[in-house]
Amino acid sequence: MGLMSKILGGNQSRTVEDYAELNLEDVSAGSAEATMQVHIAEVGTKADAIDIKDAVYDGDIVIADITRLRTEDSTVEHIVDELRQVAQEVDGDIVRKGEDQMIITPTGVRISREKLGQKL
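Quick caveat: nothing in here was measured; it's all calculated off a predicted structure.

**Some details on the overall build of the protein chain**
Thought 1: For the protein chain, the count of helices and strands is three helices and four strands.
Thought 2: Each helix and strand of the protein chain, ordered N terminal to C terminal, gives the series α-β-α-β-α-β-β.
Thought 3: Buried positions account for 32% of the 120 residues belonging to the protein chain.
Thought 4: Relative to all contacts within the protein chain whose residues are 6 or more apart in sequence, the contacts with residues 24 or more apart total 50%.

Following this line, the structure appears as structure tokens:
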């Protein structure tokens, strides 16, 4: 099971209670205010893309689970095109990982096309 499957839970629906809060007091003596967040999203309809677009426009990263979309449906193509346009407008980046996940980033964040720990 890959990291993204662990984060997004495959085909299972996740809630806030499914995530464990880790105690960071042992790691860092100081606290810095976050300027960016990473959002996890499930996309099933065109309306779900609106929240993703808003988050990217606000400068956040979104990991979107698109497994609920049917691949033969033109909705997938439309949503992917909309999100691609948002990434382009903010000079961000977008990748599609397999058939079930997308990562969309804001200005100044690029997504490496190389996997860590592997020489391609």
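Next comes the rest of the account.
**Quick notes on the confidence of the model for the protein chain**
Thought 1: Per-chain confidence: the protein chain averages 81 in pLDDT, with 75% of residues scoring 70 or above.
Thought 2: Averaged pLDDT values over the elements of the protein chain bottom out at 53 in helix α1 (residues 3-8) and peak at 95 in strand β2 (residues 61-65).

**Considerations on the nonpolar core**
Thought 1: Residues V43, I52, V62, A64, L83, M102 and I104 are the most contacted members of the largest nonpolar core, which totals 20 residues.
Thought 2: Take this core: its biggest share by element is six residues, from helix α3 (residues 74-89).
Thought 3: In this structure, I52 is in contact with A41, V43, V62, A64, L83 and I104, ignoring residues within four places of it in sequence.
Thought 4: Within the second largest apolar cluster, six residues are counted, among which are I61, I63, I103 and V109.

**Some thoughts on the pairing of strand β4 (residues 101-105)**
Thought 1: Along β4, five of the five residues are buried, which leaves the element largely enclosed by surrounding structure.
Thought 2: Both faces of β4 are covered, namely the face carrying Q101, I103 and T105 and the face carrying M102 and I104.
Thought 3: Pairing analysis gives four bridges linking β2 to β4, with the strands arranged antiparallel. Looking at the pairing, D65 lines up with Q101 of β4.
Thought 4: For strand β3 (residues 93-97) and β4, the ladder comprises five bridges, and the chain directions are antiparallel. Across the sheet, the residue bridging to I94 is I104, located in β4.
Thought 5: If you look at the hairpin formed by β3 and β4, you'll find three residues sitting between the two strands, and G98 has a positive phi there, around 65°.

**Structural notes on the side chain of E82**
Thought 1: Of note, E82 is situated in helix α3.
Thought 2: If near-sequence neighbours (up to four positions away) are discounted, E82 is found in contact with A49 and K53.

**Here's the deal with the pattern of salt bridges**
Thought 1: Throughout the structure, instances matching the rule amount to seven salt bridges.
Thought 2: Of the charged contacts in the structure, one is a salt bridge between R68 and E42, with a shortest N-O distance of 3.2 Å. Taken as a pair, R68 in the loop between β2 and α3 and E42 in strand β1 (residues 38-42) lie far apart in primary sequence, 26 residues in all.
Thought 3: Given a relative accessible area of 29%, E42 falls into the partly exposed group.
Thought 4: Measuring nitrogen to oxygen at the nearest pair gives 3.5 Å for the salt bridge that ties E99 to R96.
Thought 5: You can call E99 exposed: its relative accessible area is 53%.
Thought 6: Taken together, the salt bridges that share partners define one network made up of E42, D48 and R68.

Analysis parameters
- Residues numbered from 1 in each chain as written.
- Predicted model: local features only at pLDDT ≥ 70, side-chain atom pairs only at ≥ 80, totals over all residues.
- Heavy atoms only, no water.
- Helix = DSSP H or I, 4+ residues; strand = E, 2+ residues; numbered from the N terminus.
- Buried < 20%, exposed > 50% of the residue type's maximum accessible area, 1.4 Å probe, protein only.
- Contact = heavy atoms within 4.5 Å.
- pLDDT = per-residue confidence, 0-100.
- Core = buried A, V, L, I, M, F, W, Y, C linked by side-chain atoms within 4.5 Å.
- Pairing = 2+ DSSP bridges.
- Salt bridge = Lys/Arg side-chain N within 4 Å of Asp/Glu carboxyl O.

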